[in-house]
Amino acid sequence: MTIFGMFASAVVGFGHSTTASTDGPGAVPRPQSTVHYPIHFDTTATLPETRPQPTVSYPIRFPPSNGRR
């Protein structure tokens, strides 16, 4: 239990440590938005037609089911 307590206090200590900032003492950097609104999507683009590909290189022959499962 003591180890968990020391670990928790270390996490709290490192979590509240301050770093050098140019905005003055106690200033916290804020996230900056990198998105430009409005967002437009190219609706004229079409995806190429995909064909199913076999997962094995040899045919698998199944016996006839004769209507049974």
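Everything numeric here is computed off the predicted structure, so don't read it as measured data.

Engineer: Looking at this model, I keep getting lost on the overall build of the chain. Mind explaining?
Structural biologist: Each helix and strand counted, the chain has one helix and zero strands in total. When burial is assessed residue by residue, the chain has 0% of its 69 residues classed as buried. For the chain, the exposed surface amounts to about 7,900 Å²; the carbon and sulfur share of it is 61%.

Engineer: I would appreciate a short explanation of unusual backbone geometry in the present structure.
Structural biologist: Among all residues except glycine, the phi angle is most often negative; among peptide bonds, the trans geometry is most common. In this chain, Y37 is followed by P38 through a cis amide linkage whose omega measures -5°. Relative to the helices and strands, P38 is located in the segment after α1 (2–15).

Engineer: Just checking my understanding: could you explain a nonpolar patch on the surface for this structure?
Structural biologist: Together, V35, Y37, I39 and F41 make up a nonpolar patch on the protein surface, roughly 510 Å² of accessible area in all. By secondary structure assignment, the location of Y37 is in the segment after α1. Looking at Y37, the relative accessible area reads 66%, which means it is exposed.

Reading the values: rules and limits
Residues numbered from 1 in each chain as written. Predicted model: local features only at pLDDT ≥ 70, side-chain atom pairs only at ≥ 80, totals over all residues. Heavy atoms only, no water. Helix = DSSP H or I, 4+ residues; strand = E, 2+ residues; numbered from the N terminus. Buried < 20%, exposed > 50% of the residue type's maximum accessible area, 1.4 Å probe, protein only. Areas by Shrake-Rupley, 256 points an atom, 1.4 Å probe, with all protein chains shown as cover. Patch = residues over 30% accessible without salt bridge, like charges linked within 9 Å, V, L, I, M, F, W, Y side chains within 5 Å. Salt bridge = Lys/Arg side-chain N within 4 Å of Asp/Glu carboxyl O.

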